[in-house]
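So the chains spell out like this:
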Amino acid sequence: MSVRRLADDSIQPQAFAFSNDNAAWAQKKIAQYPTGRQQSAVIPLLWRAQEQEGWLSRSAIESIAKLLGMAYIRVLEVATFYTQFLLKPVGSKAHVLICGTTPCMLRGAEDLRDVCQHHIHNDPFMLNEAGTLSWEEVECLGACVNAPMVMIGNDTYEDLTPQRMREILVAFETGNGDSIKPGTQIERGNSAAEGGATTLLVPPSKTREKFSPPVPPATPEQPAAVAAPQAATSAAKPRDVTEESAPAIKGPAPQAKVSEAKAEGERAAAAAAANADGEPNRAMREDATGAESSAGKIDGGRAPGKPTAGAPSENASATKAEPVTTDPVPGSTALLVAPAGAADNLKLISGVGPKLEARLNALGITKWSQVAELTETEIAKVEGTLNFRGRIGRDKWLEQAKALATGGAAEYLRVFGKDPK
Ligand code: FES
(Lines give C-alpha, C1' and ligand atoms only; values in the text may rest on other atoms or scores of the structure.)
Protein backbone atom coordinates (compact mmCIF):
# COMPACT_ATOMS: atom_id res chain seq x y z
CA MET A 1 0.00 0.00 0.00
CA SER A 2 1.22 3.46 -0.80
CA VAL A 3 0.94 6.55 1.37
CA ARG A 4 -2.18 8.33 0.29
CA ARG A 5 -1.81 12.09 0.06
CA LEU A 6 -3.64 14.78 -1.84
CA ALA A 7 -2.28 15.77 -5.22
CA ASP A 8 0.33 18.48 -5.51
CA ASP A 9 -0.95 22.05 -5.14
CA SER A 10 0.17 22.78 -8.69
CA ILE A 11 -2.63 20.62 -10.10
CA GLN A 12 -5.32 21.32 -7.48
CA PRO A 13 -8.27 23.24 -8.95
CA GLN A 14 -9.35 26.43 -7.23
CA ALA A 15 -12.97 25.40 -6.76
CA PHE A 16 -15.40 22.56 -7.05
CA ALA A 17 -19.14 22.47 -7.66
CA PHE A 18 -21.53 19.64 -8.42
CA SER A 19 -23.28 19.88 -11.76
CA ASN A 20 -26.97 20.75 -11.51
CA ASP A 21 -28.04 17.13 -11.85
CA ASN A 22 -25.52 15.94 -9.32
CA ALA A 23 -26.41 18.76 -6.92
CA ALA A 24 -30.08 17.72 -7.02
CA TRP A 25 -29.06 14.08 -6.57
CA ALA A 26 -26.87 15.06 -3.57
CA GLN A 27 -29.76 16.87 -1.86
CA LYS A 28 -31.98 13.86 -2.35
CA LYS A 29 -29.32 11.55 -0.96
CA ILE A 30 -28.74 13.73 2.10
CA ALA A 31 -32.50 13.84 2.78
CA GLN A 32 -32.56 10.06 3.09
CA TYR A 33 -30.84 10.29 6.48
CA PRO A 34 -32.45 11.45 9.75
CA THR A 35 -31.90 14.98 10.92
CA GLY A 36 -28.45 15.31 12.43
CA ARG A 37 -27.17 12.23 10.56
CA GLN A 38 -26.54 13.86 7.18
CA GLN A 39 -22.84 13.01 7.45
CA SER A 40 -23.82 9.41 6.67
CA ALA A 41 -24.01 10.55 3.04
CA VAL A 42 -20.30 11.33 2.92
CA ILE A 43 -19.22 8.28 0.91
CA PRO A 44 -21.97 8.50 -1.75
CA LEU A 45 -21.20 12.20 -2.21
CA LEU A 46 -17.45 11.69 -2.48
CA TRP A 47 -18.07 8.93 -5.00
CA ARG A 48 -20.36 11.13 -7.09
CA ALA A 49 -17.77 13.92 -7.04
CA GLN A 50 -15.11 11.48 -8.25
CA GLU A 51 -17.40 10.23 -11.03
CA GLN A 52 -17.96 13.81 -12.11
CA GLU A 53 -14.32 14.98 -12.07
CA GLY A 54 -12.41 11.73 -12.47
CA TRP A 55 -10.62 12.20 -9.16
CA LEU A 56 -11.04 13.90 -5.74
CA SER A 57 -9.47 17.33 -5.38
CA ARG A 58 -9.02 19.22 -2.14
CA SER A 59 -11.71 21.68 -3.15
CA ALA A 60 -14.15 18.80 -3.77
CA ILE A 61 -13.46 17.41 -0.30
CA GLU A 62 -13.90 20.84 1.27
CA SER A 63 -17.10 21.43 -0.63
CA ILE A 64 -18.63 18.14 0.52
CA ALA A 65 -17.57 18.79 4.13
CA LYS A 66 -19.41 22.08 3.98
CA LEU A 67 -22.49 20.51 2.41
CA LEU A 68 -22.72 17.93 5.19
CA GLY A 69 -21.73 20.23 8.06
CA MET A 70 -18.64 18.14 8.79
CA ALA A 71 -15.12 19.13 9.75
CA TYR A 72 -12.85 19.07 6.69
CA ILE A 73 -10.48 16.63 8.44
CA ARG A 74 -13.27 14.08 8.89
CA VAL A 75 -14.04 14.00 5.17
CA LEU A 76 -10.33 13.96 4.34
CA GLU A 77 -9.96 10.89 6.61
CA VAL A 78 -12.60 9.05 4.64
CA ALA A 79 -11.19 10.06 1.26
CA THR A 80 -7.65 9.03 2.14
CA PHE A 81 -8.68 5.77 3.87
CA TYR A 82 -10.48 4.09 0.99
CA THR A 83 -8.27 3.26 -1.96
CA GLN A 84 -11.28 3.49 -4.25
CA PHE A 85 -11.02 7.27 -3.95
CA LEU A 86 -8.47 8.67 -6.37
CA LEU A 87 -6.57 11.61 -4.96
CA LYS A 88 -4.89 12.74 -8.17
CA PRO A 89 -5.84 12.80 -11.84
CA VAL A 90 -5.79 9.41 -13.56
CA GLY A 91 -5.99 8.28 -17.17
CA SER A 92 -8.85 9.91 -19.02
CA LYS A 93 -9.75 6.64 -20.80
CA ALA A 94 -8.91 4.07 -18.11
CA HIS A 95 -7.38 3.76 -14.69
CA VAL A 96 -6.40 0.12 -14.16
CA LEU A 97 -6.64 -1.37 -10.66
CA ILE A 98 -4.41 -4.46 -10.58
CA CYS A 99 -5.18 -6.87 -7.76
CA GLY A 100 -1.88 -7.88 -6.18
CA THR A 101 -3.19 -9.98 -3.28
CA THR A 102 -1.95 -13.54 -2.86
CA PRO A 103 -4.39 -15.52 -5.08
CA CYS A 104 -3.95 -13.09 -7.96
CA MET A 105 -0.21 -12.79 -7.32
CA LEU A 106 0.16 -16.59 -7.46
CA ARG A 107 -1.80 -16.67 -10.73
CA GLY A 108 0.26 -14.02 -12.52
CA ALA A 109 -0.66 -10.55 -11.22
CA GLU A 110 3.00 -9.53 -11.36
CA ASP A 111 3.04 -10.21 -15.11
CA LEU A 112 -0.01 -7.98 -15.52
CA ARG A 113 1.76 -5.25 -13.60
CA ASP A 114 4.77 -5.60 -15.92
CA VAL A 115 2.48 -5.08 -18.90
CA CYS A 116 1.06 -1.93 -17.35
CA GLN A 117 4.51 -0.66 -16.47
CA HIS A 118 5.66 -1.06 -20.05
CA HIS A 119 2.48 0.08 -21.74
CA ILE A 120 1.48 2.96 -19.44
CA HIS A 121 4.16 4.14 -17.02
CA ASN A 122 6.71 2.58 -14.75
CA ASP A 123 5.11 4.10 -11.65
CA PRO A 124 1.56 3.81 -10.36
CA PHE A 125 -0.76 6.78 -10.70
CA MET A 126 1.40 8.25 -13.46
CA LEU A 127 -0.22 8.95 -16.81
CA ASN A 128 0.96 7.65 -20.15
CA GLU A 129 2.14 10.25 -22.63
CA ALA A 130 -1.31 10.87 -24.02
CA GLY A 131 -2.79 11.14 -20.53
CA THR A 132 -5.28 8.43 -21.35
CA LEU A 133 -4.14 5.55 -19.13
CA SER A 134 -2.83 5.03 -15.60
CA TRP A 135 -2.60 2.11 -13.18
CA GLU A 136 -2.22 1.22 -9.54
CA GLU A 137 -1.94 -1.96 -7.49
CA VAL A 138 -4.74 -2.66 -5.01
CA GLU A 139 -5.76 -5.27 -2.50
CA CYS A 140 -8.26 -8.09 -3.19
CA LEU A 141 -11.20 -7.01 -5.32
CA GLY A 142 -13.27 -10.10 -4.57
CA ALA A 143 -12.89 -12.02 -7.82
CA CYS A 144 -10.10 -14.29 -6.61
CA VAL A 145 -11.84 -17.35 -8.03
CA ASN A 146 -10.95 -16.11 -11.53
CA ALA A 147 -7.52 -14.73 -10.65
CA PRO A 148 -5.62 -12.83 -11.90
CA MET A 149 -7.87 -9.89 -12.50
CA VAL A 150 -8.02 -6.12 -12.86
CA MET A 151 -10.78 -3.58 -12.47
CA ILE A 152 -11.39 -0.70 -14.85
CA GLY A 153 -14.21 1.65 -14.00
CA ASN A 154 -16.96 -0.45 -12.47
CA ASP A 155 -16.06 -3.65 -14.33
CA THR A 156 -13.72 -6.50 -13.58
CA TYR A 157 -11.68 -8.38 -16.19
CA GLU A 158 -10.72 -11.85 -15.02
CA ASP A 159 -8.60 -14.88 -15.95
CA LEU A 160 -6.12 -12.55 -17.60
CA THR A 161 -2.91 -13.35 -19.38
CA PRO A 162 -0.29 -10.69 -20.24
CA GLN A 163 -1.41 -10.90 -23.88
CA ARG A 164 -5.06 -10.30 -22.98
CA MET A 165 -4.05 -7.47 -20.64
CA ARG A 166 -2.26 -5.75 -23.54
CA GLU A 167 -5.30 -6.15 -25.80
CA ILE A 168 -7.55 -4.63 -23.14
CA LEU A 169 -5.24 -1.65 -22.63
CA VAL A 170 -5.12 -0.98 -26.38
CA ALA A 171 -8.90 -1.22 -26.61
CA PHE A 172 -9.42 1.37 -23.87
CA GLU A 173 -6.63 3.57 -25.17
CA THR A 174 -8.28 3.77 -28.57
CA GLY A 175 -11.71 4.41 -27.10
CA ASN A 176 -12.97 0.87 -27.73
CA GLY A 177 -13.17 -0.27 -24.12
CA ASP A 178 -16.83 -1.17 -24.64
CA SER A 179 -15.80 -3.90 -27.08
CA ILE A 180 -14.24 -5.90 -24.24
CA LYS A 181 -16.74 -8.04 -22.40
CA PRO A 182 -16.23 -7.72 -18.64
CA GLY A 183 -15.80 -10.81 -16.47
CA THR A 184 -13.82 -13.90 -17.35
CA GLN A 185 -11.73 -13.72 -20.48
CA ILE A 186 -11.63 -17.49 -20.99
CA GLU A 187 -14.18 -20.25 -21.59
CA ARG A 188 -15.99 -20.60 -18.31
CA GLY A 189 -19.40 -19.75 -16.99
CA ASN A 190 -19.03 -17.06 -14.33
CA SER A 191 -16.89 -18.75 -11.70
CA ALA A 192 -17.60 -22.34 -12.75
CA ALA A 193 -14.82 -24.76 -13.57
CA GLU A 194 -12.69 -23.87 -16.59
CA GLY A 195 -13.79 -25.84 -19.65
CA GLY A 196 -17.19 -26.78 -18.25
CA ALA A 197 -18.72 -28.56 -15.30
CA THR A 198 -16.85 -31.51 -13.86
CA THR A 199 -19.31 -32.59 -11.19
CA LEU A 200 -23.06 -33.12 -10.84
CA LEU A 201 -23.23 -34.00 -14.51
CA VAL A 202 -26.00 -36.56 -14.04
CA PRO A 203 -29.44 -35.43 -12.88
CA PRO A 204 -30.38 -36.89 -9.47
CA SER A 205 -33.06 -39.09 -11.02
CA LYS A 206 -30.51 -40.65 -13.39
CA THR A 207 -28.10 -41.20 -10.51
CA ARG A 208 -30.76 -43.14 -8.67
CA GLU A 209 -31.39 -45.25 -11.75
CA LYS A 210 -27.72 -46.00 -12.11
CA PHE A 211 -27.24 -47.15 -8.56
CA SER A 212 -30.52 -48.96 -8.01
CA PRO A 213 -30.21 -52.70 -8.46
CA PRO A 214 -32.44 -54.28 -11.08
CA VAL A 215 -35.79 -55.23 -9.66
CA PRO A 216 -37.06 -58.59 -10.84
CA PRO A 217 -40.65 -58.61 -12.02
CA ALA A 218 -43.24 -59.89 -9.61
CA THR A 219 -44.96 -63.10 -10.56
CA PRO A 220 -48.27 -64.42 -9.37
CA GLU A 221 -46.49 -67.61 -8.26
CA GLN A 222 -44.09 -65.71 -6.08
CA PRO A 223 -44.77 -66.62 -2.47
CA ALA A 224 -45.16 -63.15 -1.02
CA ALA A 225 -45.47 -64.79 2.38
CA VAL A 226 -41.67 -64.88 2.28
CA ALA A 227 -40.87 -61.92 0.03
CA ALA A 228 -42.97 -59.17 1.55
CA PRO A 229 -41.98 -59.63 5.19
CA GLN A 230 -38.29 -59.70 4.24
CA ALA A 231 -38.56 -56.40 2.42
CA ALA A 232 -40.62 -54.83 5.14
CA THR A 233 -38.31 -55.92 7.91
CA SER A 234 -35.20 -54.81 6.07
CA ALA A 235 -36.51 -51.41 5.06
CA ALA A 236 -37.57 -50.66 8.59
CA LYS A 237 -34.17 -51.56 10.02
CA PRO A 238 -31.14 -49.28 10.24
CA ARG A 239 -29.29 -49.15 6.96
CA ASP A 240 -26.24 -51.27 7.80
CA VAL A 241 -28.35 -54.14 9.12
CA THR A 242 -30.52 -53.97 6.03
CA GLU A 243 -27.52 -54.21 3.77
CA GLU A 244 -26.33 -57.34 5.49
CA SER A 245 -29.28 -59.11 3.94
CA ALA A 246 -28.23 -58.33 0.35
CA PRO A 247 -29.32 -61.02 -2.10
CA ALA A 248 -27.31 -63.41 -4.22
CA ILE A 249 -26.76 -62.12 -7.75
CA LYS A 250 -24.57 -64.85 -9.15
CA GLY A 251 -26.00 -68.25 -8.53
CA PRO A 252 -26.80 -69.75 -5.17
CA ALA A 253 -24.73 -68.75 -2.15
CA PRO A 254 -22.53 -71.58 -0.89
CA GLN A 255 -23.99 -71.72 2.56
CA ALA A 256 -27.51 -70.80 1.62
CA LYS A 257 -29.82 -73.68 0.98
CA VAL A 258 -32.73 -71.40 0.47
CA SER A 259 -35.48 -71.78 -2.02
CA GLU A 260 -35.78 -69.55 -5.08
CA ALA A 261 -38.75 -67.94 -3.37
CA LYS A 262 -36.59 -66.81 -0.47
CA ALA A 263 -33.97 -65.40 -2.85
CA GLU A 264 -36.71 -63.38 -4.51
CA GLY A 265 -37.66 -62.06 -1.12
CA GLU A 266 -34.10 -61.00 -0.43
CA ARG A 267 -33.92 -59.19 -3.75
CA ALA A 268 -37.03 -57.34 -2.75
CA ALA A 269 -35.36 -56.37 0.50
CA ALA A 270 -32.31 -55.00 -1.32
CA ALA A 271 -34.50 -53.09 -3.76
CA ALA A 272 -36.41 -51.51 -0.92
CA ALA A 273 -33.20 -50.59 0.87
CA ALA A 274 -31.69 -49.05 -2.26
CA ASN A 275 -34.76 -46.98 -2.97
CA ALA A 276 -34.96 -45.88 0.62
CA ASP A 277 -31.58 -44.22 0.09
CA GLY A 278 -32.80 -41.80 -2.52
CA GLU A 279 -36.39 -41.17 -1.52
CA PRO A 280 -38.21 -40.37 1.69
CA ASN A 281 -38.46 -43.55 3.71
CA ARG A 282 -41.73 -43.43 5.52
CA ALA A 283 -40.94 -46.63 7.36
CA MET A 284 -38.03 -44.88 9.14
CA ARG A 285 -40.34 -42.38 10.78
CA GLU A 286 -40.97 -42.92 14.43
CA ASP A 287 -44.69 -42.87 13.84
CA ALA A 288 -44.61 -45.22 10.90
CA THR A 289 -47.29 -47.83 11.02
CA GLY A 290 -46.84 -51.46 10.22
CA ALA A 291 -48.73 -50.92 6.99
CA GLU A 292 -46.33 -48.12 5.96
CA SER A 293 -43.43 -50.40 6.70
CA SER A 294 -44.43 -52.88 4.05
CA ALA A 295 -42.21 -53.20 1.04
CA GLY A 296 -44.89 -52.00 -1.32
CA LYS A 297 -45.40 -48.69 0.52
CA ILE A 298 -41.72 -47.93 0.99
CA ASP A 299 -40.88 -48.60 -2.59
CA GLY A 300 -43.69 -46.54 -3.96
CA GLY A 301 -45.24 -49.68 -5.38
CA ARG A 302 -42.20 -50.78 -7.36
CA ALA A 303 -40.86 -53.51 -5.10
CA PRO A 304 -41.68 -57.02 -6.20
CA GLY A 305 -42.82 -57.78 -2.67
CA LYS A 306 -45.90 -55.66 -3.26
CA PRO A 307 -48.87 -57.98 -2.96
CA THR A 308 -50.14 -59.29 -6.23
CA ALA A 309 -53.43 -60.84 -7.05
CA GLY A 310 -53.88 -64.01 -5.11
CA ALA A 311 -50.99 -63.33 -2.74
CA PRO A 312 -51.53 -63.47 0.99
CA SER A 313 -52.17 -60.16 2.74
CA GLU A 314 -49.32 -58.10 4.23
CA ASN A 315 -50.53 -58.74 7.77
CA ALA A 316 -50.69 -62.42 7.15
CA SER A 317 -47.18 -62.28 5.73
CA ALA A 318 -45.83 -60.32 8.64
CA THR A 319 -46.68 -63.09 11.02
CA LYS A 320 -44.30 -65.34 9.08
CA ALA A 321 -41.39 -62.87 8.92
CA GLU A 322 -38.01 -64.39 9.54
CA PRO A 323 -35.98 -63.02 12.42
CA VAL A 324 -33.58 -60.15 11.67
CA THR A 325 -30.05 -61.35 11.27
CA THR A 326 -27.56 -60.01 13.77
CA ASP A 327 -24.55 -61.61 12.12
CA PRO A 328 -21.51 -59.64 13.33
CA VAL A 329 -20.05 -59.76 9.80
CA PRO A 330 -22.31 -57.59 7.69
CA GLY A 331 -23.02 -58.99 4.28
CA SER A 332 -22.74 -62.58 5.37
CA THR A 333 -25.13 -63.51 2.56
CA ALA A 334 -22.87 -63.96 -0.44
CA LEU A 335 -23.31 -61.84 -3.55
CA LEU A 336 -20.93 -63.97 -5.60
CA VAL A 337 -19.86 -67.56 -5.45
CA ALA A 338 -16.45 -67.73 -3.82
CA PRO A 339 -14.09 -69.58 -6.20
CA ALA A 340 -12.28 -72.68 -5.02
CA GLY A 341 -8.73 -72.33 -3.81
CA ALA A 342 -6.93 -70.03 -1.45
CA ALA A 343 -8.17 -66.48 -1.19
CA ASP A 344 -6.07 -63.65 -2.61
CA ASN A 345 -4.78 -60.94 -0.34
CA LEU A 346 -7.42 -58.30 -1.11
CA LYS A 347 -5.69 -55.92 1.27
CA LEU A 348 -3.13 -55.28 -1.48
CA ILE A 349 -5.86 -53.18 -3.11
CA SER A 350 -5.40 -49.66 -1.87
CA GLY A 351 -8.51 -48.78 0.11
CA VAL A 352 -9.15 -52.30 1.41
CA GLY A 353 -8.17 -53.02 4.99
CA PRO A 354 -8.58 -56.16 7.09
CA LYS A 355 -12.16 -55.32 8.02
CA LEU A 356 -13.24 -54.64 4.46
CA GLU A 357 -11.47 -57.75 3.27
CA ALA A 358 -13.42 -59.84 5.77
CA ARG A 359 -16.66 -58.28 4.63
CA LEU A 360 -15.82 -58.83 0.98
CA ASN A 361 -14.98 -62.46 1.71
CA ALA A 362 -18.33 -62.80 3.43
CA LEU A 363 -19.93 -61.59 0.21
CA GLY A 364 -18.17 -64.37 -1.69
CA ILE A 365 -15.42 -62.09 -3.06
CA THR A 366 -12.09 -63.68 -2.34
CA LYS A 367 -10.09 -63.20 -5.55
CA TRP A 368 -8.52 -60.21 -7.26
CA SER A 369 -9.98 -61.46 -10.54
CA GLN A 370 -13.50 -61.23 -9.07
CA VAL A 371 -12.93 -57.62 -8.08
CA ALA A 372 -11.45 -56.85 -11.49
CA GLU A 373 -14.56 -58.15 -13.22
CA LEU A 374 -17.24 -56.61 -11.05
CA THR A 375 -20.06 -55.32 -13.19
CA GLU A 376 -21.70 -51.97 -12.63
CA THR A 377 -24.64 -53.69 -10.96
CA GLU A 378 -22.39 -55.73 -8.73
CA ILE A 379 -20.41 -52.63 -7.77
CA ALA A 380 -23.64 -50.93 -6.78
CA LYS A 381 -24.56 -53.98 -4.71
CA VAL A 382 -21.20 -54.17 -2.99
CA GLU A 383 -21.08 -50.44 -2.31
CA GLY A 384 -24.63 -50.47 -1.06
CA THR A 385 -23.95 -53.42 1.18
CA LEU A 386 -20.74 -52.01 2.57
CA ASN A 387 -22.21 -48.51 2.78
CA PHE A 388 -19.59 -46.57 0.83
CA ARG A 389 -21.03 -45.44 -2.43
CA GLY A 390 -18.59 -44.38 -5.14
CA ARG A 391 -15.51 -45.56 -3.32
CA ILE A 392 -14.76 -48.52 -5.59
CA GLY A 393 -14.51 -46.23 -8.59
CA ARG A 394 -12.75 -43.45 -6.71
CA ASP A 395 -10.08 -45.78 -5.35
CA LYS A 396 -9.76 -47.61 -8.69
CA TRP A 397 -10.35 -51.03 -7.18
CA LEU A 398 -11.00 -52.65 -10.55
CA GLU A 399 -7.81 -51.33 -12.11
CA GLN A 400 -5.76 -52.30 -9.08
CA ALA A 401 -7.32 -55.76 -8.93
CA LYS A 402 -6.78 -56.28 -12.65
CA ALA A 403 -3.08 -55.53 -12.30
CA LEU A 404 -2.77 -57.83 -9.30
CA ALA A 405 -4.70 -60.62 -11.02
CA THR A 406 -2.57 -60.26 -14.15
CA GLY A 407 0.90 -60.23 -12.66
CA GLY A 408 0.75 -59.75 -8.91
CA ALA A 409 2.81 -57.08 -7.20
CA ALA A 410 5.22 -56.76 -10.14
CA GLU A 411 2.42 -55.85 -12.55
CA TYR A 412 0.94 -53.49 -9.97
CA LEU A 413 4.32 -51.76 -9.71
CA ARG A 414 4.53 -51.53 -13.51
CA VAL A 415 1.04 -50.05 -13.87
CA PHE A 416 0.90 -47.76 -10.88
CA GLY A 417 4.58 -46.97 -10.37
CA LYS A 418 4.51 -48.09 -6.76
CA ASP A 419 4.29 -51.26 -4.73
CA PRO A 420 0.85 -52.36 -3.60
CA LYS A 421 0.45 -51.57 0.02
S1 FES B 1 -6.91 -11.85 -4.65
FE2 FES B 1 -7.26 -10.83 -6.49
S3 FES B 1 -9.39 -10.57 -6.49
FE4 FES B 1 -9.02 -11.49 -4.59
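Residues numbered from 1 in each chain as written. Predicted model: local features only at pLDDT ≥ 70, side-chain atom pairs only at ≥ 80, totals over all residues.

On to the environment of Gln27. Looking at where Gln27 falls in the secondary structure, it is placed in helix H1 (residues 20–31). Judged by the 12 C-beta atoms lying within 10 Å of it, Gln27 is exposed. Counting along the chain gives 14 residues from Gln27 to Ala41, while the straight-line C-alpha distance between them is 9.8 Å. (Helix = DSSP H or I, 4+ residues; strand = E, 2+ residues; numbered from the N terminus. Buried ≥ 20, exposed ≤ 12 C-beta atoms within 10 Å, placed from the backbone.)

Per-residue confidence for the protein gives a mean pLDDT of 77, with 69% of residues at or over 70. A low-confidence stretch, residues 224–259 (pLDDT under 50), is modelled with 117 contacts involving residues beyond four sequence positions or located in other chains. Between residues 270–328, whose pLDDT stays under 50, and residues either more than four places distant or in other chains, the model counts 118 contacts. (pLDDT = per-residue confidence, 0-100. Contact = placed C-beta atoms within 7 Å.)

If you look at the biggest cluster of nonpolar residues, it comprises 25 residues, and the most contacted ones within it are Val96, Ile98, Leu112, Cys116, Met149, Val150 and Ile152. Counting only elements with at least two residues in this core, the list comes to strand S1 (94–99), helix H6 (109–119), strand S2 (133–138), strand S3 (150–152) and helix H7 (162–173). Apart from residues lying up to four places away in sequence, Met149 is in contact with Cys99, Cys104, Leu141, Ala143, Thr156, Tyr157, Glu158 and Leu160. Counting 21 residues, the second largest nonpolar core, distinct from the first, contains Ile365, Val371, Leu386 and Trp397. (Core = buried A, V, L, I, M, F, W, Y, C linked by C-beta atoms within 7 Å.)

Let us now look at the pairing of strand S4 (residues 155–158). With three bridges connecting them, S3 and S4 associate as antiparallel partners. The residue bridging Val150 from the neighbouring strand is Tyr157, located in S4. Joining the antiparallel neighbours S3 and S4 is a turn of two residues, in which Gly153 adopts a positive phi near 65°. The pairing of S4 with strand S5 (residues 183–184) spans two bridges and is parallel. By the bridge assignment for S5, Tyr157 is matched with Gly183. Note that the unit made of S4, H7 and S5 has a crossover that is left-handed. (Pairing = 2+ DSSP bridges. Right-handed = clockwise from strand over helix to strand, strands pointing away.)

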